[in-house]
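# Fold and geometry: a report
One-letter residues, chain by chain:
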Amino acid sequence: MNLTTEGLARASASHPWRTIVVWAVVLVLGIIAIRALLPSATTTDQDFAWGYSPESAKGFRLIEDRLRGERKDVETLVVRSSTLTVDDPTYRARFEAITGELAALGPDIVEHSDGKPHIFSFYTTGNPGFVSADRHTTIAAVGMSGNFDHVSANIEKVLEVVHRAD
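The structure reproduced in this document is the subject of the present report.

Attention now goes to the overall build of the protein. Along its length, the protein carries 6 helices and 5 strands. Mapped from its N terminus to its C terminus, the protein presents α and β elements in the order α-α-α-β-α-β-β-β-α-β-α. The buried share of the protein, reckoned over its 166 residues, is 26%. Of all intrachain contacts in the protein linking residues separated by at least 6 positions in sequence, the fraction that spans at least 24 positions is 61%. As displayed, the protein offers around 11,900 Å² of accessible surface, 60% of which is attributable to carbon and sulfur atoms.

Now the structure itself:
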């Protein structure tokens, strides 16, 4: 057999059933290879090449390093005003009302220790890293109680507070 395209075409035309069987075997082997190799090739984990990391990944690492201690679920609350800044007493009162409602959900939903909720913000820590450069936006890290399944079952209660505050 000649291994040129003309030779392959002649062999295929001379032996059509053999060609179909060879293609069927190649197809089955391809499906087997995909099923065996695809799960290890796909993941939801992200890694950034050459040490490059977007600002969101840096922020997530800061929250992880500074607020979590032991591995807990943390939800991030973002509060923004187009007119007021974090230095305005009205802004602070509204922010503290929202975080107060979250704390009132209780230790079954929001992590507590020594009777205090694990809600960290600019107002509780004094850390300017919780405030945007224009001072119109601030965040709060809300420590959630329980494991992932427990948090998933209770996150709707947290979202209700946030949606009411909107």
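Taken together, the 3 strands give an open sheet; going across it, the order is β1-β5-β4, and neighbouring strands pair in antiparallel fashion. The strands lining the two open edges of the sheet, one partner per strand, are β1 (74-80) and β4 (119-121). Averaged over neighbouring strand pairs, the angle between their axes works out to 25° when direction is ignored. Bridge analysis of β4 against strand β5 (residues 137-143) gives 3 bridges, and the strand direction is antiparallel. When the sheet's bridge partners are listed, Ile 119 is paired in β5 with Val 142. Those strands touched by helix α4 (residues 89-104) are β1, β4 and β5, and its axis lies near 15° from that of β5.

Right, let's talk about the packing of aromatic side chains for a bit. If you walk through the whole model with that rule in mind, you get 2 aromatic pairs. One aromatic cluster in this structure is built from Phe 95, Phe 122 and Tyr 123.

A few words now on the environment of Ile 98. As for its placement among the helices and strands, Ile 98 is situated in helix α4. In this structure the C-alpha to C-alpha distance between Ile 98 and Leu 77, which are 21 residues apart in sequence, comes to 9.6 Å.

Right, let's talk about unusual backbone geometry for a bit. Positioned with a positive phi, Arg 135 is a non-glycine residue whose angle comes to about 65°. Tracing the backbone through its elements, the reader meets Arg 135 in the loop between α5 (122-125) and β5.

So, about α4. Spanning 16 residues, α4 covers 22 Å between terminal C-alpha atoms, matching the ideal 22 Å at 1.5 Å per step. Taken together, the buried positions of α4 are Tyr 91, Phe 95, Ile 98, Thr 99, Leu 102 and Ala 103. The buried residues of α4 all sit within an arc of 145° when viewed along its axis, so they share a single face. Residues of α4 that are exposed and angled more than 90 degrees away from the buried face: Pro 89, Thr 90 and Ala 104. The N-cap residue of α4 is Asp 88: its side-chain oxygen and the backbone nitrogen of Thr 90 are 2.8 Å apart. Looking one or two residues beyond α4, the residue adopting positive phi is Gly 106, at roughly 100°.

Turning our eyes to something else, we now look at the pattern of salt bridges. What the rule picks out here adds up to 5 salt bridges. The partner of Arg 80 in a salt bridge is Asp 134, with the nearest N and O atoms 3.8 Å apart. Here Arg 80 is found in strand β1, whereas its partner Asp 134 is found in the loop between α5 and β5, with 54 residues between them in sequence. Since its relative accessible area comes to 40%, Asp 134 is described here as partly exposed.

With that settled, the discussion passes to the packing of α4 against helix α6 (residues 148-165). In the contact formed by α4 and α6, the axes pass within 9 Å of each other and the chain directions differ by 155°. By the angle between their axes, α4 is roughly antiparallel relative to α6. Crossing geometry of α4 relative to α6 is assigned as right-handed. Where α4 approaches α6, its residues Arg 94, Ile 98, Glu 101 and Leu 102 are matched on the opposing element by Val 158, Val 161, Arg 164 and Ala 165.

The rules behind each value
- Residues numbered from 1 in each chain as written.
- Predicted model: local features only at pLDDT ≥ 70, side-chain atom pairs only at ≥ 80, totals over all residues.
- Heavy atoms only, no water.
- Helix = DSSP H or I, 4+ residues; strand = E, 2+ residues; numbered from the N terminus.
- Buried < 20%, exposed > 50% of the residue type's maximum accessible area, 1.4 Å probe, protein only.
- Contact = heavy atoms within 4.5 Å.
- Areas by Shrake-Rupley, 256 points an atom, 1.4 Å probe, with all protein chains shown as cover.
- Pairing = 2+ DSSP bridges.
- Axes fitted to C-alpha atoms, helices over the stretch in contact; angles between N-to-C directions.
- Phe/Tyr/Trp six-rings, centres within 6.5 Å; stacked < 30°, edge-to-face > 60°.
- Expected span 1.5 Å × (residues − 1).
- Arc of directions from axis to C-beta.
- Polar contact = N/O pair within 3.5 Å; in protein donor to acceptor, adjacent residues only side chain to side chain.
- Salt bridge = Lys/Arg side-chain N within 4 Å of Asp/Glu carboxyl O.
- Parallel < 35°, antiparallel > 145°, perpendicular 65-115°, else oblique.
- Left-handed = near helix turned anticlockwise from the far one by under 90°.

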